[in-house]
Amino acid sequence: GCITIMVQIKRARGALRTFAFVTATVAVTSALSQTPKPKEKVLPERDVRSMLVGNTVSLEGPNGKTEVEYYSPDRTTRRFDPNGQLLSGTWRWDQGGGMCFTYESSSQENCWTYRWSNKKLQAISNAGTVLKIAMISPGDEQFKTAHAKLQQGRDDRQKVEQRAVNITGEHK
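A. Structural detail: the packing of aromatic side chains. Throughout the structure, instances matching the rule amount to four aromatic pairs. On the numbers, 4.9 Å between centres and 20° between planes, the contact of Phe-80 with Phe-143 is stacked. Taken together, the residues Phe-80 in strand β3 (residues 76-80) and Phe-143 in helix α3 (residues 141-171) connect sequence positions 63 residues apart. Ring centres of Phe-101 and Tyr-103 lie 6.3 Å apart, and the angle between their planes is 10°; on these two criteria the pair is classed as stacked.

This is the structure:
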């Protein structure tokens with residue numbers, strides 16, 4: 001669509017003229033930002049399959065938290081959620097070319113489609129959540145590495161907590 005905004009500032013002086021110009025600029029910027037953008041095309045199943053299946057994928061949420069997931073060719077999946085919890089489940093192809101996931105912790109199925117947006121691959125849930133695919137690594141080695149690092153982090157936290165209990169106990 002075309003947006004036409006006409007502004008006449010000839011008779012205003014000084015601060016009033018500046019205010020009128022700023023107001024007009026804000027109006028134009030606001031109108032342009034609300035102009036609908038062409039819808040990004042959802043990737044077909046064959047493209048999604050070649051990029052994701054058999055690989056480990058790092059997904060970044062809108063809050064900046066990262067999830068790591070491995071999509072096995074046997075249609076099983078293992079995932080670390082943003083809190084570091086390991087979840088196992090299954091996946092299937094959706095009729096629209098997306099992937100649908102069900103995890104052991106929940107019977108609810110979540111389906112995702114994939115698209116390129118600003119040269120970045122995104123996953124979009126059926127609920128409208130958008131995740132940025134930050135990295136795709138071949139196989140499940142990266143997933144195993146993430147699992148080992150997460151476990152090491154838990155072990156380190158437990159040592160720190162145990163040390164804090166011992167220190168606190170000595171001061172009583």
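B. Layout of the side chain of Asp-81. You can see Asp-81 is positioned in the loop between β3 and β4 (86-93). One buried charged residue, Asp-81, remains without a salt bridge, the closest side chain of opposite sign being Arg-79 at 5.3 Å. Apart from residues no more than four positions distant in its own chain, Asp-81 is found in contact with Thr-66, Glu-67 and Leu-87.

C. Spotlight on the environment of Asn-118. Within the secondary structure, Asn-118 sits in the loop between β6 (110-117) and β7 (120-125). Residue class for Asn-118 comes out exposed when judged on its relative accessible area of 72%. Separated by 78 residues in sequence, Asn-118 and Glu-40 have C-alpha atoms that sit 9.5 Å apart.

D. Inspection of the sheet that holds β3 at higher detail. Pairing in this closed barrel of eight strands is antiparallel, and the strands run β1-β2-β3-β4-β5-β6-β7-β8 around the ring. Across the sheet, the mean angle from the axis of one strand to that of its neighbour is 35°, orientation sign disregarded. Pairing between strand β1 (residues 55-60) and strand β8 (residues 130-138): six bridges, direction antiparallel. What sits directly across from Asn-55, in β8, is Pro-138.

Conventions we followed
Residues numbered from 1 in each chain as written. Predicted model: local features only at pLDDT ≥ 70, side-chain atom pairs only at ≥ 80, totals over all residues. Heavy atoms only, no water. Phe/Tyr/Trp six-rings, centres within 6.5 Å; stacked < 30°, edge-to-face > 60°. Helix = DSSP H or I, 4+ residues; strand = E, 2+ residues; numbered from the N terminus. Buried < 20%, exposed > 50% of the residue type's maximum accessible area, 1.4 Å probe, protein only. Lys, Arg positive; Asp, Glu negative; His and termini not counted. Salt bridge = Lys/Arg side-chain N within 4 Å of Asp/Glu carboxyl O. Contact = heavy atoms within 4.5 Å. Pairing = 2+ DSSP bridges. Axes fitted to C-alpha atoms, helices over the stretch in contact; angles between N-to-C directions.

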